[in-house]
Amino acid sequence: MAAQSESRDTWSIARQLRRVRTLYAGGALLWASSSLVTAWSSPGSRPMWTSVLLLVVFTGLLGLSSWWLRRLGTRRAAGEQRPAVAVRASGPARHARV
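Being a predicted model, the structure only gives us computed values, none of them experimental.

What counts as what
Residues numbered from 1 in each chain as written. Predicted model: local features only at pLDDT ≥ 70, side-chain atom pairs only at ≥ 80, totals over all residues. Heavy atoms only, no water. Helix = DSSP H or I, 4+ residues; strand = E, 2+ residues; numbered from the N terminus. Buried < 20%, exposed > 50% of the residue type's maximum accessible area, 1.4 Å probe, protein only. Contact = heavy atoms within 4.5 Å. Areas by Shrake-Rupley, 256 points an atom, 1.4 Å probe, with all protein chains shown as cover. Patch = residues over 30% accessible without salt bridge, like charges linked within 9 Å, V, L, I, M, F, W, Y side chains within 5 Å. Salt bridge = Lys/Arg side-chain N within 4 Å of Asp/Glu carboxyl O. Expected span 1.5 Å × (residues − 1). Phe/Tyr/Trp six-rings, centres within 6.5 Å; stacked < 30°, edge-to-face > 60°. Lys, Arg positive; Asp, Glu negative; His and termini not counted. Charge placed at Lys NZ, Arg CZ, Asp CG, Glu CD.

Caption draft 1: Seen up close, the overall build of the protein. Looking only at helices and strands, one finds two helices and zero strands in the protein. Residues counted as buried form 16% of the 98 residues belonging to the protein. Summarising the internal contacts of the protein: among those between residues at least 6 apart in sequence, 70% fall at separations of at least 24. Summing over all exposed atoms, the protein offers an accessible surface of approximately 8300 Å²; the carbon and sulfur share of this is 62%.

See below:
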């Protein structure tokens, strides 16, 4: 369950999905290279099939997160605006008087 202080706007969700998508892309590249090296050294072995399975998992997660980002982009374009950043008025500094 999410914490009460967590923001649920689409901008924060999209930002987090972009970060996770980068992680999934790195995992897919890692397991693709591992699968190639393992298939070259010992084709048909258990480690090769494990690498291929993890490659499929990371590729699926990458595709799913990209699909979610695309759906969030269309929802955002439909009318939800990015929240305005509160601008603090600059004024004289307050000091304690003795």
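That covers the picture; the talk isn't over yet.
Caption draft 2: The arrangement of a nonpolar patch on the surface in detail. There is a patch of nonpolar side chains on the surface, built from Leu53, Val57 and Leu61 and spanning about 240 Å² of accessible area. Looking at the secondary structure, you find Leu53 in helix H2 (residues 46-77).

Caption draft 3: Main features of helix H1 (residues 10-41). Relative to the 46 Å expected for 32 residues at 1.5 Å per residue, H1 spans 46 Å between its end C-alpha atoms, a close match to the ideal helical length. Among all positions of H1, only Thr10, Ser12, Ala14, Leu17, Tyr24, Gly27, Ala28, Ser35 and Thr38 are buried.

Caption draft 4: Representation of the packing of aromatic side chains within the structure. Per the stated rule, a full pass over the model turns up one aromatic pair. Taken together, a centroid distance of 6.3 Å and an interplanar angle of 75 degrees make the contact between Tyr24 and Phe58 edge-to-face. You can see Tyr24 sitting in helix H1 and its partner Phe58 sitting in helix H2, a full 34 residues away along the chain. The buried category is assigned to Tyr24, whose relative accessible area is 18%.

Caption draft 5: Inspection of a positive patch on the surface at higher detail. A grouping of Arg15, Arg18, Arg19 and Arg21 is seen on the molecular surface, where their side chains present a positively charged patch. Position of Arg15 among the secondary structure elements: in helix H1.

Caption draft 6: View of the environment of Leu61. Examined against the element boundaries, Leu61 turns out to sit in helix H2. Given a relative accessible area of 31%, Leu61 falls into the partly exposed group. Along the sequence, Leu61 and Val20 sit 41 residues apart, while their C-alpha atoms lie 9.3 Å from each other.

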